[in-house]
Every structure is written in structure tokens, then in C-alpha cells.
Amino acid sequence: MELATILCFFAPFLFLVIFKSFFSPSKGRELPLPPGTMGWPYIGETFQMYSQDPNVFFSTKIKRYGSIFKSHILGCPCVMISSPEAAKFVLNKPQLFKPTFPASKERMLGKQAIFFHQGAYHANLRRLVLRTFMPDAIKDKISNIESVVQSCLNSWEGKSITTFLEMKTFTFKVALLSIFGKDEILYREDLKRCYYTLERGYNSMPINVPGTLFHKAMKARKELAQILAQIISTRRNKKPEEYNDLLSSFMDEKAGLSDEQIADNIIGVIFAARDTTASVLTWIVKYLGENPSVLEAVTEEQEAIIRDKEESCEEMGLNWSDTKKMLVTSRVIQETLRVASILSFTFREAMEDVEYQGYLIPKGWKVLPLFRNIHHSADNFKEPQKFDPSRFEVAPKPNTFMPFGNGTHACPGNELAKLEILVLLHHLTTKYRWSVIGAKNGIQYGPFALPQNGLPITLYSKK
Ligand code: HEM
Ligand SMILES: *[C@@H]1O[C@H](CO)[C@@H](O)[C@H](O)[C@H]1NC(C)=O
Ligand SMILES: *[C@@H]1O[C@H](CO)[C@@H](O)[C@H](O)[C@H]1NC(C)=O
């Protein structure tokens, strides 16, 4: 996450915290706070955290204080947790911990989007989203996804590309396909133009004056809502049976959603689906390039699927049962999700004073489950820094592997994400080879963990 993001996230709490620390008398309960240092008043430990890789900051703290410790980032007191049990506790107690985001992010995605909510409204949205993205519903989309894969790979062939940027184009198309079904093509260009402007403002300082990226993003957000209103009204004149996509799920009368609620959630799903899946794909391309024996095993598995198809004279397209045979490839995805941990952590906020393992987590404090540290702990994974997909031949211990979160807000798109990655890898490994341009080993956070410069590569056809 960038400093700007953190800044605008915590600034609103500053006043409150300073006020509270001077005036609020300590409660009667005598539970201690978790260990840790709060740093200087006001700035807390922000500079320590940002003067280095945040994960180094976290792991240094874990070594010193254990799996639960407190800190203070830009005026905002936090408890960071890195034990599997504690992460499970926080993510599965929605009555104690609510999701929390900077106000500027809420305005950009839309206040009614699923991430920001709890209770009945959240449960209703979740049901509608899961209905569209569960295995039975996405099975039928494989051939569409496959066409998108083929046209993308075709357009990259023989060129030098930035893997992350091109993967974003791919995941954007798949997201639109699952949201708008066959109508996707009609709206692609307009939606793309607005969405890309919105995105550029997402990581900028939230200053809403003409000329700033944030201002342009807010304008693009309005235009997006207008386009979506147009799409919804066109769809109202069509027969519902013609569609089985997220929009029709949201427009179901029984769902009871307003146009504005639908728009906020469509923008929210595009946001949740796109950069996440594209960064995972970028990491996979990187790790396969660095591990020739793994690449060979994946290619062999994918070629076997093609051979089987040729022998049985089946239609050539992939189907659901083919993807279930991709065991080696699936382990590569799991191991990439673990090593890369693209969502290093998430945020919750304590809604009341909570006691956990003898410590007090005070009301209003942020709680950060540190996914990356859980995935990189030697207690949970042997030689954690090593990329070794075969470790997933044995199921990981409970709650030690949460790339899609856990509990009430766990990722409802995980099946689609895995499916589109498998289909892309099938074609990539059987028909193409690639070389990385100017191998660099850094990680950038924007806000998802990503290989330095988005991994520039040149892609060649094998033939
Ligand atoms: C590999 C790619 C992906 C990863 C690693 C990922 C990860 C996550 C994680 C960790 C959460 C929970 C965050 C929290 O608890 O604070 C989440 C939530 C969510 N994800 Fe994903 N995601 C991915 C792809 C997708 C896709 C493809 C979609 C849409 C089809 C999607 C839709 C969502 C939505 C709507 C939520 C919010 C759920 C709620 O608040 O109830 N994600 N994702
Ligand atoms: C999927 O394709 C395989 C060939 O790879 C074939 O044997 C199988 O019957 C197909 N399954 C379905 C459900 O069409
Ligand atoms: C949460 O974690 C438990 C234990 O690892 C697992 O059984 C469950 O399926 C997870 N739930 C979700 C929604 O990921």
C-alpha cells in the first residue's frame, strides 16, 4: 500500500485518537494491551514501517513481541496479528470486527459496495455474487474465457510486453464477461475508458480540485454510473432467461437492489477481480521462468490434456473436467498465492472492547491479520522462502493458508480466479515460450505485491 493511501486512511482518526488519549479515563477492566511500541505521539511508527519493506517491519516485530503486537501508524492505533488462530478469530467474528476502508476509497468505489457492509444487506449481496461465481455457474463460461485467452495471447505473440499490464487487459475482459455476459462487447470500450481513469485516481492523494487525478477519477466514477444506468435500462426490456450473469443476478426482482446499489457493486467487483488476478498471473509467469523443472511439469500436464482430447476425438475446447485434471498446475497457483501473498494483510476495526488471549483490543482500534507473515512463517511452511509447489501435495494445516481470506468476507470470486488462470496457463505453456527482459528481483506494492516494473517479457510462439 502506498503512503498516500495510508495517509488518507488514517488522517480522519488522528483527532479522535489525540483527543481520546488525553481525556478518556481508563476503563475498569485491567486487561493489558498486546506488547509492542506505539512510537512517537501522532506519527507513531509510520516512518519505521515505510523506511523499509513493510514486511520486514512486521517480521522484526513478530520476532521481538510474538504473534500479536500493537503499533501506531499515522495516529491510528493498531493490533497486528500473525497467528493462524488469531486471524481466523478476527475474520470469523463479524459481530466484533467490521471491515474498514479510507473514506476516499468508499467514495470512489461507491458506498453501497459489498466490502463496506455487514449484516443483512451484506448477506444478500454475497448470496447474489456467489450465485454467479460458484463452480456450477462458471462451468458454462469456459469456452468464452478460452476465446478471450486465445485472442490475448495472439495479440502478444512476437512482442515485448509488460506482463502485468497485459494480464490486466485479460482479467478485465473476463470480469466484464462474467458481469454482462454476451452484452459485454457492446460496452467494453466505454467502460474501459472510464474504469482506467478511475483506477489512476485510486492511489492518488484524495484532493478533489480540478486537474488532480482524484478529481478526474471522481468524474469518471459519475460517468461509469451513467453508463451502467443505461445498460440496466436496456436490460429491463429483455427476457431475463436470456442471461445468466452477475447483472441479471443483481437485477432479479427478489434481490431488491436499486440501480445505484447495482452500479456500486459492479464497479466493486471489477475492482476486486482485476488487479488481484492479474498480479497473481504475473507472479506465475515469473516463477515458471525461474523454475524450469516446474515449467516442464506444467507443460507436460497440459500437453497430456491436449493428447487425450485428440485421441477421444472430442471437440477441442477445454471443459470443466479437463480443468480438474490440472493438478500440477493447480499446485503452482497455490504456491504462487502463498509465496507472492499479493494481499499482504487486510483491515478490520474492533466494534467493542475485545478480549483475546488475555489481551485487550480496545474499541475503535484497527486489527490487521498479516496474511503474508502467516504464509511465510517456518512454523506453517518448511523453508518458507522457497518456491516449491509440491508442498501442496499435502493439505496445509488449518488456517495457515488464506490467500482468499476467510469467514464472512472471504473472496467469492476465488473459483473464477483459479479457472481463468488455469485456462490461460493451458494455452501459454503448450503454445508459447517467453524470456524476461532485464531480470530484476524487486517487489513493488501498488497496492498489490507485484514483480518490479510489472515483469517485461518477450513472448514467442513455440512453432
Ligand atoms: C487471485 C485473485 C484474487 C485474490 C487473491 C482475492 C483475494 C481476496 C481476499 C483476500 C478477499 C477478502 C478481503 C478481506 O477479508 O478483507 C477478497 C474479497 C473479495 N473478492 Fe477476491 N480475490 C481474487 C479474485 C477475485 C475475483 C476474480 C473476484 C470476482 C469475480 C473477486 C471478488 C471479491 C469480492 C466481491 C470480495 C468482497 C467479499 C465480501 O466483502 O463479502 N475476487 N478477495
Ligand atoms: C470433457 O472433455 C473430455 C476430453 O478431454 C471428455 O472425455 C469429456 O467427456 C468432456 N466432458 C464433458 C462434460 O463434456
Ligand atoms: C476458513 O478456514 C477454515 C479452516 O481452514 C476452512 O475449513 C474454511 O473452508 C475457510 N472458509 C472460507 C470461507 O474460506
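Residues numbered from 1 in each chain as written. Chains lettered and ligands numbered in written order. Predicted model: local features only at pLDDT ≥ 70, side-chain atom pairs only at ≥ 80, totals over all residues. Heavy atoms only, no water.

- An unreviewed UniProt entry lists the protein chain under the name (+)-abscisic acid 8'-hydroxylase, with Clitoria ternatea as the source organism.
- What UniProt states about the protein chain under its Catalytic activity (unreviewed entry) heading is, verbatim, "2-cis-(+)-abscisate + reduced [NADPH--hemoprotein reductase] + O2 = (+)-8'-hydroxyabscisate + oxidized [NADPH--hemoprotein reductase] + H2O + H(+)". (UniProt positions renumbered as here; feature names shortened; annotations may be inferred.)

**Regarding the coordination of the iron atom of ligand 1**
Then, number 1: One donor from the polypeptide reaches the iron atom of ligand 1: Cys411 (SG), at 2.3 Å.
Then, number 2: Mapped onto the secondary structure, cysteine 411 falls in the loop between α17 (371-375) and α18 (414-431). (Donors = N, O, S within 2.8 Å, 3.2 Å for Na, K, Ca; no water. Helix = DSSP H or I, 4+ residues; strand = E, 2+ residues; numbered from the N terminus.)

**Quick word on the nonpolar core**
Then, number 1: One finds Phe180, Leu191, Phe250, Ile266 and Leu428 to be the most contacted residues of the largest nonpolar core, which totals 96 residues.
Then, number 2: Considering each element in turn, this core owes the most residues, 15 residues, to helix α13 (residues 259-290).
Then, number 3: Beyond its immediate stretch of four places on either side in the chain, phenylalanine 180 contacts Leu191, Leu228, Ile231, Arg235, Asp245, Leu247 and Ile266.
Then, number 4: The next biggest cluster of nonpolar side chains, apart from the first, holds 14 residues, and it includes Ala86, Phe89, Leu96 and Ile361. (Core = buried A, V, L, I, M, F, W, Y, C linked by side-chain atoms within 4.5 Å. Buried < 20%, exposed > 50% of the residue type's maximum accessible area, 1.4 Å probe, protein only. Contact = heavy atoms within 4.5 Å.)

**As for the packing of α13 against α18**
Then, number 1: Between α13 and α18, whose axes approach to 11 Å, the crossing angle comes to 35 degrees. Every pair of crossing elements has a handedness; the one defined by α13 and α18 is right-handed. Residue-level inspection shows Thr277, Val280, Leu281, Ile284, Val285 and Leu288 of α13 in contact with α18, the latter providing Ala417, Glu420, Ile421, Leu424, Leu425, Leu428 and Thr429.
Then, number 2: Among the residues making up the contact of α13 with α18, the classes are represented as ten nonpolar, two polar and one charged. (Axes fitted to C-alpha atoms, helices over the stretch in contact; angles between N-to-C directions. Left-handed = near helix turned anticlockwise from the far one by under 90°. Nonpolar A, V, L, I, M, F, W, Y, C, P; charged D, E, K, R; others polar.)

**Digging into the sheet that holds strand β12 (residues 456-461)**
Then, number 1: The strand order β4-β12-β9 describes an open sheet built from three strands, whose pairing is antiparallel. The sheet is open, and its two borders are formed by β4 (160-162) and β9 (432-436), each paired with just one other strand. Each strand of the sheet is rotated relative to its neighbour by a mean of 35 degrees, with strand direction disregarded.
Then, number 2: Of the pairings in the sheet, the one linking β4 to β12 comprises three bridges and is antiparallel in character. From the neighbouring strand, threonine 162 faces β12, where its bridge partner is proline 456. (Pairing = 2+ DSSP bridges.)

**As for the state of the cysteines**
Then, number 1: Going through the model one piece at a time under the given rule, you end up with zero disulfides.
Then, number 2: No disulfide involves cysteine 76; its sulfur sits 4.9 Å from the nearest other cysteine sulfur, which is in cysteine 78.
Then, number 3: For cysteine 76, a relative accessible area of 1% corresponds to the buried category. (Disulfide = S-S within 2.5 Å.)

**Side note on the packing of helix α9 (residues 163-180) against α13**
Then, number 1: It is at 8 Å that the axes of α9 and α13 come closest, and there the two elements cross at 140 degrees. The angle between α9 and α13 falls in the class oblique. Crossing angle aside, the handedness with which α9 passes α13 is right-handed. Between α9 and α13, the residues in contact are Thr163, Phe164, Met167, Lys168, Phe170, Thr171, Phe172, Ala175, Leu176, Ile179 and Phe180 and Ile266, Val269, Ile270, Ala273, Arg274, Asp275, Thr277, Ala278, Ser279, Leu281, Thr282 and Val285, respectively.
Then, number 2: Looking at the contact of α9 with α13 residue by residue, the classes come out as 15 nonpolar, five polar and three charged. (Parallel < 35°, antiparallel > 145°, perpendicular 65-115°, else oblique.)

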